Amino acid sequence: MEALVFTSSMSILVNGSPTKDFVVSRGIRQGDPLSPFLFLLVAKGLTALMKKTTSLGDYVGFKVGNEVHFEILQFADDTLLIGDGSWNNLWSIKAMLRGFELVFGLRVNLSKSRFVGLNLETDFIQAASTFLNCLVGSFSFSFLGIPVGINHRRREVWRPVVSKLRKRYSDIRRAMLSNNVIHKRNKASLWWKDLCSVGSRGSGPLENWFPSAFICKLGNGEHVDFWLDRWLSGGAPLCDRFPSIYRFMEALGSKVIDNGFWISGVWEWRINFDEYLVEEVEGDFVEDLIRVLDGRTPTNDLEDTYIWWKHSSGYSVKKAYEMLLEGQIRGVRLGVDLVNSLARLWKTKIPSKFLIFGWRLLLDKLPTKVNLVKRKIMLASTEILCPFCGLEEEDLEHLFASCPTTSLW
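### Quick look at the confidence of the model for the protein
Across the protein, the average pLDDT comes to 77, with 75% of residues at 70 or higher. Below a pLDDT of 50 lies the segment residues 175–186, which in the model reaches 34 contacts outside its immediate sequence neighbourhood of four places, other chains included.

Here is the structure:
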């Protein structure tokens, strides 16, 4: 383990080019798969200290009957120390946390800790929080966004959670599903960028698959992009149907509501482009555009919505995955044996991290040196030899089958 922590090396991408590898001297890298295992070792150390303190009689935990008792509860990086409200327990907690810091070289952040008392005097709670140098907490609190310590059957308890979720997904529906954001998604999450990028770098059945699967149902026109969204019959956005006019557009990202106005309850279209240039160069196309817009008007009392039209029952992850898989098989022509192997892999009862590793292995998506060169992460093709034997290029077949040093089969 010491070799894994202190002898690993890394490289940094600077303007798209990797630097030379250097040895990491401050422990493991962020995101290293070894991190959770090291954390478990440390967390188990705290549990062992608590058990030892309890066995010596210096700490009294919470008892449920004569046989069931518990003193510490841990979930991820959150820890609960539960026990009687006594000064003896407070001294034991302080000594145990100090010993934990000395043994593991860590420091407990007491400013983020809370002392919560049930059926205890207010003076004792204040004195205990001062003694432990932490804040006073209440039993009704939120953990991972979920309220704890109150009646979960009451509607008022879940109202803030529902309101937060509704606001978040409303923003996604209004903004993230807009083609305007899909085309200009520099502020989108990495997950959204990866989703929209599937099939966008080439041609075939998956080209532009995700943006094209949504159409806009026009409401008040405040969120639908006039040129980039698919809000008219025919499916294609106006920028594709009238490219000669689109290049004269004055306002980038203009909404439907920006391209007209209401006069005595009647909607009149007025497109934001340079009318002089359009009349001189492509005047006939303007008449065609007005003819296409004829009869389509915004509705003031309705919100703009986005509809998944690929399936009649609406959007679902399953249907999207099936469409992706079908398009990938047609476009990339995966072998039948490979498809069957993938199907059997996902039915195997093994830990999920091994499933994902096997999935990436079968699809040749592991970061071997050959793949890193293909992705332009490694620019020097002369450095793709296997680091163990130095005889052949490091690809999947060599790494897992033919390498005399690391071959597994």
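### A look at unusual backbone geometry
Here the phi dihedral of Asn133 falls at roughly 60 degrees; this positive angle occurs in a residue that is not glycine. Looking at where Asn133 falls in the secondary structure, it is placed in the loop between helix H4 (122–132) and strand E10 (135–136). Non-glycine residue Asp364 carries a positive phi angle of around 55 degrees. With respect to the secondary-structure elements, Asp364 resides in the loop between helix H14 (352–362) and helix H15 (369–374).

### Let's talk about the pattern of salt bridges
Scanning all chains against the criterion turns up two salt bridges. For Arg98, the salt bridge is made with Glu101, and the minimal N-O distance between the two is 3.1 Å. Taken together, the residues span about one helical turn, with Arg98 and Glu101 both in helix H3 (residues 87–104) at a distance of three residues. Among the residues examined, Arg98 registers a relative accessible area of 48% and is labelled partly exposed. The exposure class assigned to Glu101 is buried, which follows from its relative accessible area of 16%. Ionic pairing is found between Asp288 and Arg291, a salt bridge with its closest N-O pair at 2.7 Å. Of this pair, Asp288 and Arg291 both sit in helix H11 (residues 275–293), three residues apart, roughly one helical turn.

### A word on the nonpolar core
Of all hydrophobic cores here, the largest spans 24 residues; its most connected members are Phe226, Trp227, Trp231, Leu238, Trp269, Leu289 and Leu293. Elements that contribute at least two residues to this core include exactly strand E13 (214–217), helix H9 (238–241), strand E15 (266–269), H11 and strand E16 (305–308). The greatest single-element share of this core, amounting to three residues, is contributed by H11. Leave out the neighbours within four places in its chain, and Leu293 touches Phe226, Trp231, Leu232, Leu238, Trp269 and Ile271. Core analysis: the next-biggest nonpolar cluster, separate from the first, contains 16 residues, Leu46, Met96, Leu132 and Cys134 among them.

### Comments concerning the packing of helix H13 (residues 336–346) against H14
Interhelical geometry of H13 versus H14 gives an angle of 175 degrees and a closest axis separation of 10 Å. What the angle tells us is that H13 and H14 run roughly antiparallel. On H14, the residues touching Leu338, Ser341, Leu342, Leu345 and Trp346 of H13 are Leu355, Gly358, Trp359 and Leu362. Residues that form the contact of H13 with H14 fall into these classes: seven nonpolar, two polar and no charged.

### Brief notes about the side chain of Asn371
Relative to the helices and strands, Asn371 resides in helix H15. Taking relative accessible area as the criterion, Asn371 reaches 5% and is therefore assigned buried. Engagement of the side chain of Asn371 in a polar contact is seen with the side chain of Asp364, the distance being 3.1 Å.

### A closer look at the environment of Trp227
Topologically, Trp227 is positioned in the loop between E13 and H9. Sequence separation of Trp227 and Cys239 is twelve residues, and the distance between their C-alpha atoms is 5.0 Å.

### Description of the pairing of strand E8 (residues 78–81)
Pairing of strand E7 (residues 72–75) with E8, which is carried by four bridges, proceeds in the antiparallel orientation. If you follow Phe75 over to E8, its bridge partner there is Asp78. Following E7, the chain reverses through two residues before pairing antiparallel with E8; Ala76 in that reversal takes a positive phi of roughly 55 degrees.

### Some details on the environment of Val224
Looking at where Val224 falls in the secondary structure, it is placed in the loop between E13 and H9. Take Val224: its relative accessible area is 0%, and that puts it in the buried class. Here Val224 is in contact with Cys216, Leu218, Asp229, Trp231, Ser254, Lys255, Val256, Asp304 and Tyr306, once residues within four sequence places are set aside.

### Details of the side chain of Asn89
Here Asn89 lies in helix H3. In this view, Asn89 contacts Asp58, Tyr59, Val60, Gly83 and Asp84; residues no more than four positions away in its chain are not counted.

### Some points on helix H2 (residues 35–55)
With 21 residues, H2 should reach 30 Å at 1.5 Å per residue; the first-to-last C-alpha distance of 30 Å fits that figure. Ala43, Gly45, Leu46, Thr47, Met50, Thr53 and Thr54 are the residues of H2 that are buried. Immediately beyond the C-terminal end of H2, within one or two residues, lies Gly57, with a positive phi of roughly 85 degrees.

### A closer look at the packing of aromatic side chains
Per the stated rule, a full pass over the model turns up 13 aromatic pairs. Between Phe226 and Trp227, the aromatic rings sit 5.1 Å apart at their centres with planes inclined by 80 degrees, giving edge-to-face as the arrangement. Taken individually, Phe226 and Trp227 each receive the classification buried, so the pair is uniform in this respect. Grouping aromatic residues by their ring pairs yields a cluster made of Phe226, Trp227, Trp231, Trp262, Trp267 and Trp269. The ring of Phe131 carries the charged tip of Lys94 above its face, separated from the ring centre by 4.4 Å.

What counts, and where the lines are drawn
Residues numbered from 1 in each chain as written. Predicted model: local features only at pLDDT ≥ 70, side-chain atom pairs only at ≥ 80, totals over all residues. Heavy atoms only, no water. pLDDT = per-residue confidence, 0-100. Contact = heavy atoms within 4.5 Å. Helix = DSSP H or I, 4+ residues; strand = E, 2+ residues; numbered from the N terminus. Salt bridge = Lys/Arg side-chain N within 4 Å of Asp/Glu carboxyl O. Buried < 20%, exposed > 50% of the residue type's maximum accessible area, 1.4 Å probe, protein only. Core = buried A, V, L, I, M, F, W, Y, C linked by side-chain atoms within 4.5 Å. Axes fitted to C-alpha atoms, helices over the stretch in contact; angles between N-to-C directions. Parallel < 35°, antiparallel > 145°, perpendicular 65-115°, else oblique. Nonpolar A, V, L, I, M, F, W, Y, C, P; charged D, E, K, R; others polar. Polar contact = N/O pair within 3.5 Å; in protein donor to acceptor, adjacent residues only side chain to side chain. Pairing = 2+ DSSP bridges. Expected span 1.5 Å × (residues − 1). Phe/Tyr/Trp six-rings, centres within 6.5 Å; stacked < 30°, edge-to-face > 60°. Lys NZ or Arg CZ within 6 Å of the ring centre and 35° of its normal.

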